[in-house]
Amino acid sequence: MSTSKDHQSNFRAYQSQTTPHPLGLEVSHASGSYIYDLQGKAYLDFIAGVSAVSLGHSHPAVVAAVKQQADKYMHVMVYGEFIQGPALDLCMALARELPDPLQTTYLVNSGTEAMEGAIKLARRVTGRSELIAAKNAYHGNTIGSLSLMDFEARKAPFRPLLPDIRHIEFNNTQALETISTKTAAVILETIQGGAGFILPEADYLKKVRQRCSETGTLLILDEIQPGFGRTGTLFAFEQFSCIPDILVMGKGMASGLPIGAFTASREHMDTLQDPKLGHITTFGGNPVIAAAALATLNVLQKTSLISDTLKKESLFRSLLIHPAISEIRGRGLMLALIMESPVVADYLVLEAEKEGLLLFWLLFEPRAVRISPPLTLSEAEITEGCTLILRLLDRYEKSAVN
Ligand SMILES: Cc1ncc(COP(=O)(O)O)c(C=O)c1O
């Protein structure tokens with residue numbers, strides 16, 4: 001039998017890596033708000049697989065739905081040909097939750113794939129090619145989504161990317177003048193994630209909506225991260241008086257299984273049938289995963305977990321007061337501690353892991369420490385994690401003085 005040490009070197013040798021310094025925690029099992037390593041050490045999870053495990057690890061309702069569906073049938077046909085109960089029920093449940101015209105959903109396998117579908121849909125509906133995205137936005141890593149990013153160093157090696165893409169400053173209303181009758185879509189995260197959990201200001205999204213309607217441009221809102229209850233409502237756009245033409249979701253939908261979706265009007269979605277097979281996928285709408293998503297939605301609808309995210313945010317904010325924390329950004333359980341420097345952010349993430357608390361970074365804000373736990377995280381667990389964060393920061397300050 002190979003040892004954990006073998007696994008560490010095999011992990012680097014055989015499994016493709018994304019950075020030279022992965023956290024490398026070797027997982028034995030996970031339950032609720034905790035992940036356990038091979039030595040039985042428990043890690044309190046303030047990350048939830050980066051906003052994905054909405055109901056905590058292996059929530060009984062999700063596990064039961066997966067098992068039940070796996071016993072009945074798994075993959076039986078490519079997306080859209082057969083009527084498969086879980087996928088249809090999920091699309092109908094989303095339609096009941098969403099306002100007009102967001103009534104028709106296309107299920108895919110990941111967030112970036114949902115964004116690719118949304119880009120294609122916007123081009124197909126408008127017959128235009130220009131896309132406008134925000135600076136410091138993240139929409140995924142496949143070619144189309146990557147093209148939307150304005151981080152040149154990460155894009156350059158993969159050029160040529162999609163043409164006709166322009167970037168505007170998030171929350172700058174003057175920049176909205178550049179949206180024109182040439183623009184197929186404006187693509188924004190409702191709450192910017194990688195940029196540092198930045199909320200839209202006052203009427204910003206309402207004004208974006210207005211300008212898009214004036215120019216016949218589709219508004220695509222990426223709710224892959226805030227969606228599915230993380231910020232006090234099922235979707236964050238509900239809080240900003242702005243209904244998009246295309247809503248993109250993923251991450252927390254199935255509480256830890258791979259899924260994405262984009263939702264639009266029936267009329268718009270129908271354009272993907274002309275030409276025939278305008279957008280296709282083998283595994284999109286997979287019945288086991290759709291069953292997990294339905295179970296997740298069911299729990300969110302039947303409990304106060306969504307509104308509780310705001311109470312939990314207040315608790316985090318009241319506990320995490322420390323000179324090393326300059327600011328706490330975000331809403332609900334999508335919070336970023338903005339530290340006084342990137343060095344403190346790195347220290348906190350790495351030391352917390354050693355002490356059994358999982359924190360993580362954000363893509364474009366090096367001073368940020370992400371807190372995006374399962375929505376089921378208890379008040380006692382919040383207190384436990386915050387006490388450790390404060391202790392580590394005290395220790396950092398003491399060592400800096402000495
Ligand atoms: C806002 C946003 N959009 C898109 C994506 C891409 O989703 P996925 O990693 O499932 O492709 C992410 C993932 O972090 C995200 O946070």
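Small disclaimer: the values here were computed from a predicted structure and weren't measured.

Rules used in this analysis
- What you see as residue numbers is a count from 1 along each chain, following the sequence as written.
- It should be noted that, the model being predicted, local features are given only for residues of pLDDT at least 70 and side-chain atom pairs only at 80 or more, the latter also being counted only at that level, while totals for whole chains, interfaces and linings use all residues.
- With hydrogens and water excluded, all non-hydrogen atoms of the structure serve as input to the side-chain values.
- Throughout, the term near means that a residue has one or more heavy atoms lying within 4 Å of the molecule or strand in question.
- Within 3.5 Å is the distance limit for a polar contact, defined as a pair of N or O atoms, with the added protein rule that one can donate a hydrogen and the other accept it, and that residues adjacent in sequence qualify only through two side-chain atoms.
- Here the accessible surface of atoms and residues is derived via Shrake-Rupley with a 1.4 Å probe, and residues count as covered only by protein chains that are part of the display.
- Gly is put with the polar residues, along with every residue not named as nonpolar or charged; the nonpolar set is Ala, Val, Leu, Ile, Met, Phe, Trp, Tyr, Cys and Pro, and the charged set is Asp, Glu, Lys and Arg.
- A pair of strands is labelled paired if DSSP reports no fewer than 2 bridges between them.
- Helix and strand labels come from DSSP, where a helix needs a run of H or I of at least four residues and a strand needs a run of E of at least two; each type is numbered from the N terminus.
- Lines fitted to C-alpha atoms define the axes here, with helix axes fitted over just the stretch in contact, and angles between the N-to-C directions of these axes take values from 0 to 180 degrees.
- Here a residue-residue contact requires only that any non-hydrogen atoms of the pair lie within 4.5 Å.
- Residue types Ala, Val, Leu, Ile, Met, Phe, Trp, Tyr and Cys, when buried and joined through side-chain atoms within 4.5 Å, form a set referred to as a nonpolar core.
- Each residue is placed in one exposure class: buried if its accessible area under a 1.4 Å probe, protein chains only, is under 20% of its type's maximum, exposed if it is over 50%, and partly exposed if it falls in between.
- Two rings from Phe, Tyr or Trp (for Trp, the six-membered ring) form a pair when their centres sit within 6.5 Å of each other. Planes less than 30 degrees apart are called stacked, planes more than 60 degrees apart edge-to-face, and all others tilted.

Novice: Tell me about the site of the ligand, and please be specific about residues and values.
Specialist: In the vicinity of the ligand, the contacting residues are Ser110, Gly111, Thr112, Tyr138, His139, Gly140, Glu189, Asp222, Ile224, Gln225 and Lys251. Asp222 has a polar side-chain atom sitting 2.7 Å from a nitrogen atom of the ligand. Look at the ligand: alone it shows 390 Å² of surface, and the protein chains cover 80% of it. Per-class residue counts for the shell around the ligand are two nonpolar, six polar and three charged.

Novice: Which residues make up the sheet that holds strand β8 (residues 218–222), and what values do they have?
Specialist: If you walk across this open sheet you meet the seven strands as β4-β10-β9-β8-β7-β5-β6, and the pairing is mixed. In this open sheet, the two strands that pair with only one neighbour each are β4 (104–108) and β6 (165–168). Within the sheet, the average angular offset between the axes of one strand and its neighbour, ignoring direction, is 20°. Across the sheet, helix α4 (residues 85–97) is in contact with β4 and β9 (246–249); its angle to β4 comes to roughly 135°.

Novice: So what's going on with the sheet that holds strand β12 (residues 334–339)? Which residues, and what values?
Specialist: Spatially, the three strands line up as an open sheet ordered β11-β12-β14, and their pairing is antiparallel. Both outer strands of the open sheet, β11 (325–331) and β14 (368–371), are each paired with one neighbouring strand and no more. When the angles between neighbouring strand axes are averaged without regard to direction, this sheet yields 20°. Its contacts with the sheet put helix α11 (residues 305–319) on β11, β12 and β14, and the angle it makes with β11 is roughly 180°.

Novice: Any details on the nonpolar core? Residues and values, ideally.
Specialist: Of all hydrophobic cores here, the largest spans 87 residues; its most connected members are Phe316, Met339 and Leu359. In this view, Phe316 contacts Phe46, Leu333, Leu335, Ile371, Pro373, Leu377, Ile382 and Cys386; residues no more than four positions away in its chain are not counted. Ranked by size, the runner-up nonpolar core spans 24 residues in total, among them Tyr106, Ile119, Leu121 and Ala185.

Novice: How would you summarise the packing of aromatic side chains if you had to cite specific residues and measurements?
Specialist: Under the defined criterion, the tally for this structure stands at ten aromatic pairs. The interplanar angle of 80° and the centroid separation of 5.4 Å between the aromatic rings of Phe46 and Phe316 together place this pair among those described as edge-to-face. Of this pair, Phe46 sits in the loop between β3 (42–45) and α2 (48–51) while Phe316 sits in helix α11, and the two are 270 residues apart along the sequence. Classification of Phe46 by relative accessible area gives buried; the value is 0%. We classify Phe316 as buried; its relative accessible area is 1%. Here the aromatic rings of Phe228 and Phe235 are separated by 5.9 Å at their centres, their planes lie at 85°, and the arrangement is edge-to-face. The exposure class assigned to Phe228 is buried, which follows from its relative accessible area of 1%. The exposure class of Phe235 is buried, given its relative accessible area of 0%. Clustering of aromatic rings is evident, with ring pairs tying together Tyr79, Tyr106 and Phe262.

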